[in-house]
Amino acid sequence: MADSRKPMVAGNWKMNGSLALLKSFSQSFVSDNNAEVVLCVPSPYLAAASRSDFALGAQDCSQFVAGAHTGDVSVDMLKEMGVEYVIVGHSERRQDHGESNLVVAEKVKTILQAGLIPILCCGEPLEVRENGDVNAFVADQLAAVKTVCTSDFLDTCVIAYEPIWAIGTGKTASPEQAQEVHGFIRKMICEWNPKAQNTRLLYGGSVNASNADDLFAKPDIDGGLIGGASLKIDDFAAIIAAAK
Ligand code: 13P
């Protein structure tokens, strides 16, 4: 891993957790200087989660700055709550809410314009992997963002590679499979923007306390985006410790 890429572990609680769990996290959480830790809690918990040991993340935002968009949350509102990072283009948003590559790209633009940091998710479904089209699929997802934002987005953005077949299934990509895609992404984004040598690439998909070490040891894996294991304090702490 390049020196300028500080390891990062981001927890994505999705639509899980409770105020009680958040409270116990806040009481027992020990910060780790080796890694930057981000906790992406559901929006109603942002106010309660705001604290100094970890950076606060949101799980989505509107592509619009303000207006008549019932149920949506704006980047300025997130900023007011102390949010620094916003997950965008998670496969569950793409699936549940039909978010296209273009909508995701517009969200990245809105997040950057607000001075926040997108954690841009990409990753293929199983059939794409079985057809051997992973690189082309991921390239399309990321290229859409370059079209809307120019390649400058890579100066700030964090990218998370999350193969859909590995999310919540207990079926992790092997460190070699993950590195293969991370290496491809690194090469492609460095061609777009040489500064992308410093862009952090996270792996997500059934990362746990036992497999984090091997995944994070790979040269283009700069940390993880953690779902289920981020709801268990001890497991999350072990994953953070693995990110050096
Ligand atoms: P799991 O770690 O539960 O597989 O979820 C990964 C994920 O989707 C994180 O955004």
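A quick note: this is a predicted structure, and the numbers were derived from the prediction, not measured.

Draft legend 1. Examining the layout of surface pockets more closely. When its volume is computed, the largest pocket comes out at roughly 570 Å³. Residue contributions to the lining of the largest pocket peak at 4 residues, all from helix α4 (residues 91-97). In terms of residue class, the lining of the largest pocket is made up of 9 nonpolar, 7 polar and 6 charged. Within this model, the second largest pocket holds a volume of roughly 210 Å³. In this structure, the second largest pocket is lined by 19 residues; those nearest its centre are Gly168, Ser206, Val207, Gly227 and Gly228. A breakdown of the residues in the lining of the second largest pocket according to their chemical character gives 5 nonpolar, 10 polar and 4 charged.

Draft legend 2. Looking closely at unusual backbone geometry. Of note in the backbone geometry, Thr150 takes a positive phi value of approximately 65° without being a glycine. Secondary-structure assignment places Thr150 in the loop between α7 (134-149) and β6 (158-161). Residues other than glycine seldom take positive phi values, yet Ser206 does so here, at roughly 55°. Following the sequence through the fold, Ser206 ends up in the loop between β7 (201-204) and α9 (212-216). We classify Ser206 as buried; its relative accessible area is 15%.

Draft legend 3. Expanded view of the packing of aromatic side chains. Summed over the entire model, instances satisfying the criterion amount to 3 aromatic pairs. Ring centres 5.2 Å apart and planes at 80° place the aromatic pair Trp13 and Phe25 in the edge-to-face group. Of the two residues, Trp13 is situated in the loop between β1 (8-12) and α1 (19-28) and Phe25 in helix α1; the sequence distance between them amounts to 12 residues. Assigned by exposure class, Trp13 and Phe25 land together as buried.

Draft legend 4. Local environment of helix α8 (residues 175-192). The first and last C-alpha atoms of α8 sit 25 Å apart over 18 residues, in line with the 26 Å expected at 1.5 Å per residue. Those residues of α8 that fall on the buried side of the exposure criterion are Pro175, Ala178, Gln179, Val181, His182, Ile185, Arg186, Met188, Ile189 and Cys190. Looking at the packing, one finds that the buried side of α8 touches β5 (117-122), α6 (126-130), α7, β6, β7 and α9.

Draft legend 5. Inspection of the pattern of salt bridges at higher detail. All chains considered together, the criterion is met by 14 salt bridges. Between Asp60 and Arg93 there is a salt bridge; the shortest N-O distance is 3.2 Å. Separated by 33 residues along the polypeptide, Asp60 in the loop between β3 (55-58) and α3 (75-80) and Arg93 in helix α4 bring together distant segments of the chain. The exposure class assigned to Asp60 is buried, which follows from its relative accessible area of 15%. It is possible to trace a salt-bridge network through shared partners that takes in Arg5, Arg186, Asp220 and Asp222.

How each quantity is defined
- Residues numbered from 1 in each chain as written.
- Predicted model: local features only at pLDDT ≥ 70, side-chain atom pairs only at ≥ 80, totals over all residues.
- Heavy atoms only, no water.
- 1 Å grid on protein atoms, 1.4 Å probe; cavity = no way out; pocket = protein on both sides within 12 Å on 5 of 7 lines; lining within 4 Å.
- Points joined across faces, edges and corners; volume = space filled by probe spheres on them.
- Helix = DSSP H or I, 4+ residues; strand = E, 2+ residues; numbered from the N terminus.
- Nonpolar A, V, L, I, M, F, W, Y, C, P; charged D, E, K, R; others polar.
- Buried < 20%, exposed > 50% of the residue type's maximum accessible area, 1.4 Å probe, protein only.
- Phe/Tyr/Trp six-rings, centres within 6.5 Å; stacked < 30°, edge-to-face > 60°.
- Expected span 1.5 Å × (residues − 1).
- Contact = heavy atoms within 4.5 Å.
- Salt bridge = Lys/Arg side-chain N within 4 Å of Asp/Glu carboxyl O.

Note that all results are geometric; they support no functional claim without further evidence.
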